[in-house]
Amino acid sequence: MEKRPTALILGAGIMGLSTAWALLREGFAVHLLDQAPPPNPQGASVDHHRLIRHAYGAQRGYMRMVDDAYAAWDRLWADLGERLYVESGVLAVDDTGGGWVRDTRSALRADGRAHEDLTAAQVAARFPYLSGEGITDAFYCPTGGVLLAERIVAALARHVVAQGAVIEVGRAREIDPDRATITLDSGATRTADVLVVAAGPWIPRLLPQVARRVTASRQVVVRLQPPSDAWLSAPMLLDLAEAGGFYIVPPVAGTPLKIGDHTFSRQGHPDDDRTPDPREVERILALARHRIPGIEGFSRLGAATCFYDVEPDERFVIEKLAPHAWVMSGFSGHGFKFGAVLGERLARAIAHPQHAASLPAWAAGDEVIPA
Ligand SMILES: Cc1cc2nc3c(=O)[nH]c(=O)nc-3n(C[C@H](O)[C@H](O)[C@H](O)COP(=O)(O)OP(=O)(O)OC[C@H]3O[C@@H](n4cnc5c(N)ncnc54)[C@H](O)[C@@H]3O)c2cc1C
């Protein structure tokens with residue numbers, strides 16, 4: 001009998017698990033290694049929610065990749081037997097007088113994607129819990145919504161194990177891409193025909209060749225419970241401002257409302273103490289106060305510190321480290337929505353090497369259609 005090819009994946013976040021899911025379908029025997037059982041609450045993938053939207057500024061490659069992302073999620077929902085997504089629509093508002101909202105509108109228009117331009121008065125009339133103060137430009141997109149991230153990671157981990165993958169809990173100390181081998185803290189080694197390193201914001205310390213391009217970035221998010229049920233049907237809000245702006249994830253499917261900011265801290269390491277400083281929480285709330293007049297009446301449910309792995313131009317790094325080793329990195333706070341499709345494309349490149357050459361540029365957001 002022909003032996004199945006083997007894959008060793010470091011990291012059981014959305015990238016490692018999605019790649020495992022797709023490699024299993026390609027006939028690989030898959031061994032995942034993670035320092036904690038999935039869903040690891042310290043991982044970049046694990047929180048109540050992550051957003052998916054076509055609104056992508058001037059980055060048209062990523063805007064178009066969102067279509068591929070939705071198709072891949074549909075394939076995953078079919079395998080999981082449940083759809084862990086809530087459509088909310090997207091409201092983008094700008095008080096800087098231009099830039100990102102304008103670029104996004106031109107990109108949406110060029111592709112004929114449904115969206116509606118709004119004035120400040122229309123924003124305030126249609127979403128009465130928001131203030132239109134200072135808004136110079138705005139649009140609403142009906143497509144876009146909330147991926148229930150933690151539930152997706154948990155369900156995907158159960159699914160790949162049911163399909164025969166092994167998830168080992170252990171910490172990698174060293175990676176040897178040339179030998180497709182990982183050395184664990186215990187000194188034991190693991191090896192396979194192909195190695196995938198999908199270790200999220202821990203990668204810069206594990207792979208010096210990636211550290212030159214990717215930086216771990218500490219980000220604080222604040223969780224609130226609004227007093228009004230009107231928020232249950234609110235769109236995601238992307239608020240752009242000179243000071244950097246913020247986003248709001250609506251409280252769908254029993255989750256809290258979440259506020260985060262758009263600015264990368266580029267500070268810290270994911271193993272550092274993660275207790276949010278009250279000043280960090282106050283800074284996030286201050287960004288949103290003028291837009292949400294009733295925010296002081298919201299119950300504070302807490303705050304959390306998460307980590308991005310930031311590439312300077314926010315371009316993903318899915319590249320070969322060696323003939324039989326790949327890295328997935330640089331997801332810069334916008335990777336989750338593409339998890340399923342990136343896993344599928346990397347598995348295809350591994351199983352069918354004629355697809356390998358075009359993958360890095362496509363993953364980096366270039367408008368290249370892979371063969
Ligand atoms: C606050 C926040 C908001 C975000 N919002 C969005 C959004 O709205 N939309 C969107 O698309 N994306 C968003 N993102 C980005 C997205 O969540 C990430 O890009 C994505 O989850 C990265 O997945 P990953 O699998 O690469 O990393 P991770 O989920 O971090 O997985 C890496 C895994 O590797 C393991 N690991 C690391 N080092 C070792 C080691 N030495 N030994 C063993 N195991 C190890 C870790 O334990 C971890 O489980 C957001 C991220 C954050 C933090």
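Check the entry above for the structure.
Residues numbered from 1 in each chain as written. Predicted model: local features only at pLDDT ≥ 70, side-chain atom pairs only at ≥ 80, totals over all residues. Heavy atoms only, no water.

A. Geometry of the overall build of the protein chain. What the protein chain contains, in helices and strands, is 10 helices and 20 strands. Taking 371 residues into account, the globule formula puts the C-alpha radius of gyration at 21 Å, and the protein chain, at 21 Å, falls close to it. Oriented by its inertia axes, the alpha-carbon framework of the protein chain measures out at about 70 × 45 × 40 Å. Counting across all 371 residues of the protein chain, residues that qualify as buried make up 57%. Sequence-distant contacts in the protein chain: of pairs separated by 6 or more residues, those separated by 24 or more amount to 71%. Per element, the accessible surface of the protein chain, about 15,100 Å² overall, is 51% carbon and sulfur. Charge separation in the protein chain, taken as the distance between the mean sites of 38 positive and 44 negative side-chain charges, equals 2 Å. (Helix = DSSP H or I, 4+ residues; strand = E, 2+ residues; numbered from the N terminus. Rg over C-alpha atoms; globule rule 2.2 N^0.38 Å. Buried < 20%, exposed > 50% of the residue type's maximum accessible area, 1.4 Å probe, protein only. Contact = heavy atoms within 4.5 Å. Areas by Shrake-Rupley, 256 points an atom, 1.4 Å probe, with all protein chains shown as cover. Lys, Arg positive; Asp, Glu negative; His and termini not counted. Charge placed at Lys NZ, Arg CZ, Asp CG, Glu CD.)

B. View of the environment of Leu224. For Leu224, the location among the structural elements is in strand 14 (residues 215-225). Taking the C-alpha atoms as reference, Leu224 lies 34 Å from Thr19; in sequence the two are 205 residues apart.

C. A look at the environment of Pro5. Its place among the elements puts Pro5 in the segment before strand 1 (6-10). For the pair Pro5 and Leu23, spaced 18 residues apart in sequence, the C-alpha separation works out to 9.8 Å. When near neighbours in sequence (up to four residues on either side) are disregarded, Pro5 contacts Gly27, Phe28, Ala29 and Asp193.

D. Highlighting the pairing of strand 5 (residues 90-94). Of all 5 residues that make up strand 5, 5 are buried, and the element is covered over most of its length. By the alternation rule, side chains of strand 5 split into Val90, Ala92 and Asp94 and Leu91 and Val93, which are all buried. Sheet analysis places strand 5 next to strand 7 (residues 137-141), joined by 5 bridges and oriented antiparallel. Counted as the bridge partner of Leu91 is Tyr140 from strand 7. Pairing between strand 5 and strand 15 (residues 236-240): 5 bridges, direction parallel. For Val90, the partnering residue across the bridge sits in strand 15 and is Met236. (Pairing = 2+ DSSP bridges.)

E. The arrangement of the sheet that holds strand 10 (residues 172-176) in detail. Taken in spatial order, the 3 strands line up as 10-11-12 in an open sheet, and their pairing is antiparallel. This sheet does not close on itself; its edge strands, each paired only once, are strand 10 and strand 12 (189-191). With direction set aside, neighbouring strand axes in the sheet form an average angle of 20 degrees. Sheet analysis places strand 10 next to strand 11 (residues 181-184), joined by 4 bridges and oriented antiparallel. Bridging from a neighbouring strand, Asp176 pairs with Thr181 of strand 11. (Axes fitted to C-alpha atoms, helices over the stretch in contact; angles between N-to-C directions.)

F. Region of interest: the pattern of salt bridges. Considering all chains together, one arrives at 26 salt bridges under this definition. With its nearest N and O atoms 2.7 Å apart, the salt bridge here joins Asp117 to Arg105. Linking Asp117 in strand 6 (residues 116-118) with Arg105 in helix 3 (residues 100-110), this pair joins segments that are 12 residues apart in sequence. Taking the relative accessible area as the measure of exposure, Asp117 reaches 38% and is therefore partly exposed. Under the relative-accessibility criterion, Arg105 is labelled buried at 9%. (Salt bridge = Lys/Arg side-chain N within 4 Å of Asp/Glu carboxyl O.)

G. Broad picture of unusual backbone geometry. Between Pro38 and the following residue, Pro39, the backbone shows a cis peptide bond with an omega angle of 0 degrees. For Pro39, the position within the fold is in the loop between strand 2 (29-34) and strand 3 (50-52). Located in the positive-phi region is Arg266, a residue other than glycine, with phi close to 55 degrees. Note that Arg266 resides in the loop between strand 17 (257-261) and helix 8 (278-289). With phi around 45 degrees, Ser332 is a residue other than glycine that occupies positive phi space. Examined against the element boundaries, Ser332 turns out to sit in the loop between strand 20 (325-329) and helix 9 (339-351).

H. Geometry of the site of the ligand. If you check the shell around the ligand, you find 34 residues, and the closest are Asp34, Ala44, Ser45, Leu51 and Lys337. Measuring from a nitrogen atom of the ligand, one finds a backbone N or O atom of Ala172 at 2.8 Å. Contact between the ligand and Gly335: an oxygen atom at 3.3 Å from a main-chain N or O atom of the residue. Isolated, the ligand exposes 1,000 Å² of accessible area, and the fraction of that covered by the protein chains is 98%. Counting only elements with at least two residues in the shell around the ligand, the list comes to helix 1 (14-25), strand 3 and strand 18 (299-310). At 3 residues, the largest contribution of residues to the shell around the ligand is made by strand 18. Grouping the amino acids of the shell around the ligand by side-chain chemistry returns 19 nonpolar, 11 polar and 4 charged. (Near = heavy atom within 4 Å. Polar contact = N/O pair within 3.5 Å; in protein donor to acceptor, adjacent residues only side chain to side chain. Nonpolar A, V, L, I, M, F, W, Y, C, P; charged D, E, K, R; others polar.)

I. Fine view of the packing of helix 1 against helix 9. Following both chains from N to C, one finds helix 1 and helix 9 inclined at 50 degrees, their axes separated by 7 Å at the closest point. Here helix 9 runs oblique to helix 1, going by the angle between their axes. Handedness of the crossing formed by helix 1 with helix 9: right-handed. Packed against helix 1, whose contacting residues are Ile14, Met15, Ser18, Thr19, Trp21, Ala22, Leu23 and Arg25, the element helix 9 presents Gly339, Ala340, Leu342, Gly343, Glu344, Leu346, Ala347 and Ile350 at the interface. The residue inventory of the contact of helix 1 with helix 9, partitioned by class, reads 10 nonpolar, 4 polar and 2 charged. (Parallel < 35°, antiparallel > 145°, perpendicular 65-115°, else oblique. Left-handed = near helix turned anticlockwise from the far one by under 90°.)

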